[in-house]
Amino acid sequence: MVADNPLRKKLLVSECKWRNDFDESDAVRKLEERAKLIGDYESVAYAVFSKRGVSEATRRKLAGNGNWMLVDADDLYRGI
């Protein structure tokens, strides 16, 4: 999914992985590559929506970059 705000030059690129497991590093790499193809934005945010969440290693890898949202099913349904 891609959402943009051309007036503010912001872009959101995301992917939904609704499987028990997937190649997290590949998903991260592909989202970053796809964002570059879309155009020139001042701010780019990324999101991965997943069934079971991502590993702690992936969370640590992306922790220094505030532009990543990692959302799992528990996050989506919390409070329902």
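Bear in mind that the values here come from a model prediction, so they are computed numbers and not experimental data.

What follows deals with a nonpolar patch on the surface. Together, V2, L37 and I38 make up an exposed nonpolar region whose accessible area comes to about 310 Å². Along the polypeptide, L37 turns up in helix α1 (residues 24–38). Owing to a relative accessible area of 75%, L37 belongs among the exposed residues under this scheme.

The next point concerns the pattern of salt bridges. For the coordinates displayed, the defined rule picks out six salt bridges. Note that R34 and E15 form a salt bridge whose closest N and O atoms lie 3.0 Å from each other. With R34 in helix α1 and E15 in strand β2 (residues 10–17), this pair connects stretches of sequence that are 19 residues apart. Residue classification places R34 among the partly exposed positions, given a relative accessible area of 38%. One salt bridge in this structure joins D26 and K30, with 3.2 Å as the shortest N-O distance.

Definitions and limits used
- Residues numbered from 1 in each chain as written.
- Predicted model: local features only at pLDDT ≥ 70, side-chain atom pairs only at ≥ 80, totals over all residues.
- Heavy atoms only, no water.
- Patch = residues over 30% accessible without salt bridge, like charges linked within 9 Å, V, L, I, M, F, W, Y side chains within 5 Å.
- Areas by Shrake-Rupley, 256 points an atom, 1.4 Å probe, with all protein chains shown as cover.
- Salt bridge = Lys/Arg side-chain N within 4 Å of Asp/Glu carboxyl O.
- Helix = DSSP H or I, 4+ residues; strand = E, 2+ residues; numbered from the N terminus.
- Buried < 20%, exposed > 50% of the residue type's maximum accessible area, 1.4 Å probe, protein only.

In short, the description is geometric, and any link to function would need to be established separately.
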